[in-house]
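# A structural walkthrough
The lines below spell out each chain.
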Amino acid sequence: MNLRMTGISKSFGANLVLDKVSFSLSGGEIIALLGENGAGKSTLMNILGGVISSDEGTIEIDGKEISFANPRESLDAGIAFIHQELNLINDLAIYENLFIGREIRNRWGVLDKKAMIDKTREVFDGMGIDLDPEAMVRTLDASYKQIVEISRAMMMDARIVIMDEPTTSLTETEISRVFSFMRTLKSHGVGLIFISHKLNEVMEICDRYTVLRDGHMISSGTIDSVDTDALAKMMVGHDVVEEKRAVHKSGDIVFSASSVSDGKYFNDISFSVRSGEVVGFTGLLGDGRSELFLSLFGAGTPYSGSVEVSGKPVTMHNPQEAVSLGIGYVPRNRKENGIVKDLDILENGSLVTMGMRKKGLFLDSKRIEEDFEKEKKELSIKMGNETDPITSLSGGNQQKVVLAKWLSADPRILILDNPTQGVDVGAKEEIYTIISDLADKGVAVIVLSSEAHEIVRTSSRCYVMYHGRILTELEGEGLNEQEIMRWATGAAI
Amino acid sequence: MENTKNGFNFIQWFRKMWTQHPLFSTACALLLMAVLQIIALGFDQATFGDWLSRYIRNWINILRNNATIGIIALGMTFVIITGGIDLAVGSTLVAIGAIIMLFIDSSATGLLTAIGITGIPAYIIGILMGLLAGLILGEFTGILITVGRIPPFIATLGMMKICRSVTQQCMQTVNPSVPMPFTKIANLAIGRQMFMPIIYWLVIAFIMYWVSKHTAFGRHVFAVGSNERASKLSGINVNRVKRAVYAIMGLLVGVASVLQVSRIGAMDFANAGSGYEMDAIAAVIVGGTSMAGGRGSIGGTVLGVLIIAVMNNLLNLIGVPPFLREAFKGVIVIGAVLLQKKEKN
């Protein structure tokens, strides 16, 4: 089966995310789809998977032009999209998951368990999978869950499988298991699209590659003709404009960790941050940086190792302790972790300090309003009335309110996880300026981001993490997007 | 439209209130019922004065009889705003009632009488012990929910069974009596009207309103119910807020228990308070508080108690058989939630 996508364009509002991109795949080959976040990979695959439709361009399968109105039609055409969040039901057996919605019934209308188990076993034997069809999905590790999900697609006669960053949450053994399954599929004539940032994995498993950047097809060819450095360069682009980076006068070390591990998400982490310094932490999805700082803030997994704030050893048991030590934390995923949707703008902006601003038993509303007014001006939050719901604001302004709630507590150390997530370009720049201003005031700012250019733009120093470990520390000339990409993708090891 | 310019447009105002204020429809229903109630009361008195005194007496009766549920519903509002629920209130009410009665009993079986304390000091100790017992039971429930990580429904279901059963077993052979003076707490007549329970209820309602709006704790209750994770990451001690909410619930059940013992002058440990949890929850829901947490108000709950109370009175006046009245309560709960504007995603 041959797939050909030609001249695909797609824009969201005024934002052109795909500009005449072409892509092709034959049966029995594995192709890597590469690009930074926002390059257009997901959009392209969502068009192929029938999740969204393209504005322009054609999709052909074996020379016949087709279009998909929804994921169902795409699946019927033999295209299976395996998402990062797997669609399996943990509390059902493997065979029940494989037949969900298409159960085999006997003539009394009762489920024919035996027929389903037999069919599952037949498919598994054909693919060389050694799994008990009656085992509960919950008992499987992440790699086997993926294999089960792909098997389900195979039972629906999928000929093309899209795998979206399948290895991010897997261990080394699990990855090799998934890879050997992918090779089996390949030998059965299935075409696979492998989306990944991990370039050494791409080199190992793929036959060809296609690189997207800013919605354009940059390059395509056989894996044999390139190496990881060349791929990293293509993803970032040669013409990276070195944007001016603010230089801050840094002071004493205010936050440091040595050999911090939680035995699960991060291992042997050591770093230090000075006051008035912006330090970046970056890596791919699953590198453990978010979990690390969640733990250091007292809200994540317990850790071993030593942490010092202003030279004094501390252990954070809960966020209250972290707050009392002058640490602020703006989490990722604003909607789930940042804003409280039933409280108004003012209350969201004063959630941290509310408990500290009291007049006797009651809230010192005047003080709280003054505090917020000040931050509102400083951060130039665009809003109506302060008693309006927080959800009436744009993403950028919501993020500023979350920032305001921390800034009114005067933190000495501020941790920002994905500070520009879901924020438009203009507000992004404003947030970078805010970060720079904070450092000038002597705050130690830690920026966690998976976007290399964001780290380069904001930080004077950066730690690159990979699989829960700090691989390297970049500074000065060495701190550029290509270098970050080389380390983050594991190409440098 | 022509008539938009000449000042106040009632229809537009009404439509705006109806769509923008979730509780407006509930208030309208209450008003409608109050009007129906006047009609049902009839106008067969000789003078307007007679009619008015009958009307007022009817209202005092309604409020007095619902003060206990009203007070419990206030605590329930906080519990439900945090996203929890308390099914144990009816049972803790009898447990606390038993404790109070053991302390205030003036016969030889009374705990304090045995050591020579009687009269007002005994009543004060009895009341304090009752409130303390409520606080401890509530705090214990809170610890089960936060430290023990048991869902509120299950923790309070367990407490409900434990409290009722232990109380019945312990009180099998003891039969404490309530001394006459103690009954004055709820039955003191001022100007021939006994409205003390109403005063207690309204005072507590006002305090709870104030706490919910003007203290950090009150706002934290809403924050925790709306987004527990964001609250935790903002340095709010989520567990302490939850424990406090159940402790307050327990304390208020203590107050309700004092009133109940005093008003009735006895307690049927097998049946007293049963169904109170559902009546309180119904009032809170009718008052516009979201079962999912994060949204609700004390004012709404007072409205919710009133609407159910007035409806009961109305059904009584027009002679609906008692067995059918619960059905109307069900209709009110479902109808109120249907009418209140639902948030669109």
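All of these numbers come straight from a predicted model, not from anything done at the bench.

To continue, consider the environment of E473 of chain A. All names here are of chain A. With respect to the helices and strands, E473 occurs in strand β22 (residues 469-475). On the basis of relative accessibility, which here comes to 40%, the residue E473 falls in the partly exposed class. For E473 and G280, which are 193 residues apart along the polypeptide, the C-alpha to C-alpha distance reads 9.6 Å. Setting aside residues up to four positions removed in sequence, E473 forms contacts with R461, C462 and Y463.

Among the residues of helix α8 (residues 228-236) of chain A, T228, L231, A232, M234, M235 and V236 of chain A are the ones counted as buried. In the core, the buried residues of α8 of chain A are packed alongside β3 (30-34), α7 (199-205), β9 (208-213), β10 (216-222) and α17 (481-488) of chain A.

We now examine the sheet that holds strand β20 (residues 444-448) of chain A. Residue and element names in this part refer to chain A. Read from one edge of the open sheet, six strands run β16-β19-β20-β13-β21-β22, paired in mixed fashion. Sheet topology places β16 (327-330) and β22 at the edges, where each strand pairs with a single neighbour. Going from strand to strand, the sheet's axes swing by 20 degrees on average, the running direction of each strand aside. Taken together, the four bridges between β16 and strand β19 (residues 413-417) define a ladder with parallel strand orientation. From the neighbouring strand, I327 faces β19, where its bridge partner is I413. On top of the sheet, helix α9 (residues 289-296) reaches β13 (278-283), β16, β19, β20 and β21 (461-466); it is set at about 130 degrees to β13, its chief contact.

Here the focus is the domain arrangement of chain A. Interfaces are often sized by the accessible area lost when the parts come together. Residues and elements named next belong to chain A. In terms of domains, chain A is made up of domain 1 (2-236) and domain 2 (253-488). A straight line from the C-alpha centre of domain 1 to that of domain 2 covers 35 Å. At the junction of the two partners, domain 1 supplies 15 residues and domain 2 supplies twelve residues. Viewed at the interface, domain 2 and domain 1 are joined by one residue pair in polar contact (both at pLDDT 80 or more). Ranked by residue count, the leading element in the side of domain 1 that touches domain 2 is α8, at five residues.

With that settled, consider the layout of surface pockets. Reported here for the second largest pocket is a volume of approximately 1600 Å³. Taken together, 42 residues make up the lining of the second largest pocket; nearest its centre are D342 of chain A together with P22, G294, R295 and G296 of chain B. Only α12 (345-349) and α13 (365-378) of chain A together with α9 (196-214) and α10 (216-226) of chain B provide two or more residues apiece to the lining of the second largest pocket. Among the residues forming the lining of the second largest pocket, the class breakdown is twelve nonpolar, 17 polar and 13 charged.

Before going further, it helps to spend a moment on the sheet that holds strand β12 (residues 269-274) of chain A. Residues and elements named next belong to chain A. Within the open sheet, the four strands sit side by side as β12-β11-β14-β15. Their pairing is antiparallel. The open sheet has two edge strands with one neighbour each: β12 and β15 (312-314). Along the sheet, successive strands turn relative to each other by an average axial angle of 15 degrees, direction set aside. Of the pairings in the sheet, the one linking strand β11 (residues 253-261) to β12 comprises five bridges and is antiparallel in character. The residue bridging I253 from the neighbouring strand is R274, located in β12.

Core analysis: the largest hydrophobic core is formed by 157 residues, its most contacted members being F255, F271, F281 and F293 of chain A. With 54 residues, the next largest nonpolar core counts A80, I150, I175 and A232 of chain A among its residues.

This next bit is on the environment of I150 of chain A. Residue and element names in this part refer to chain A. The topology assignment puts I150 in helix α5 (residues 142-155). Owing to a relative accessible area of 1%, I150 belongs among the buried residues under this scheme. Sequence-wise, I150 and I82 are 68 residues apart; in three dimensions their C-alpha atoms are separated by 7.1 Å. Look past the residues within four positions of I150 in its chain and what remains in contact with it is I82, V161, M163, F181 and L185.

So, on to empty space enclosed by the protein. Residue and element names in this part refer to chain B. Applying the stated rule across the entire model yields four cavities of 30 Å³ or more. As a volume, the largest cavity reaches approximately 80 Å³. Along the walls of the largest cavity sit 13 residues, with D86, T92, G138, T141 and G250 positioned nearest its centre. Looking at the lining of the largest cavity, the elements that each hand over two or more residues are α4 (89-104), α6 (119-146) and α12 (238-264). When its residues are assigned to classes, the lining of the largest cavity shows seven nonpolar, five polar and one charged.

Time to look at the pattern of salt bridges. Opposite charge on two side chains makes pairing possible when the charged atoms of those side chains draw close. All names here are of chain A. For the coordinates displayed, the defined rule picks out 29 salt bridges over all chains. The partner of K114 in a salt bridge is D118, and the shortest N-O contact between them spans 3.2 Å. Of this pair, K114 and D118 both sit in helix α4 (residues 113-127), four residues apart, which is roughly one turn of that helix. The shortest N-O distance in the salt bridge between R461 and E473 comes to 2.7 Å. Taken as a pair, R461 in strand β21 and E473 in strand β22 lie far apart in primary sequence, twelve residues in all. By relative accessible area, R461 is classed as buried at 7%. Taken together, the salt bridges that share partners define one network made up of E277, R461 and E473.

Rules used in this analysis
Residues numbered from 1 in each chain as written. Chains lettered and ligands numbered in written order. Predicted model: local features only at pLDDT ≥ 70, side-chain atom pairs only at ≥ 80, totals over all residues. Heavy atoms only, no water. Helix = DSSP H or I, 4+ residues; strand = E, 2+ residues; numbered from the N terminus. Buried < 20%, exposed > 50% of the residue type's maximum accessible area, 1.4 Å probe, protein only. Contact = heavy atoms within 4.5 Å. Pairing = 2+ DSSP bridges. Axes fitted to C-alpha atoms, helices over the stretch in contact; angles between N-to-C directions. Domains from an automatic or database assignment. Polar contact = N/O pair within 3.5 Å; in protein donor to acceptor, adjacent residues only side chain to side chain. 1 Å grid on protein atoms, 1.4 Å probe; cavity = no way out; pocket = protein on both sides within 12 Å on 5 of 7 lines; lining within 4 Å. Points joined across faces, edges and corners; volume = space filled by probe spheres on them. Nonpolar A, V, L, I, M, F, W, Y, C, P; charged D, E, K, R; others polar. Core = buried A, V, L, I, M, F, W, Y, C linked by side-chain atoms within 4.5 Å. Salt bridge = Lys/Arg side-chain N within 4 Å of Asp/Glu carboxyl O.

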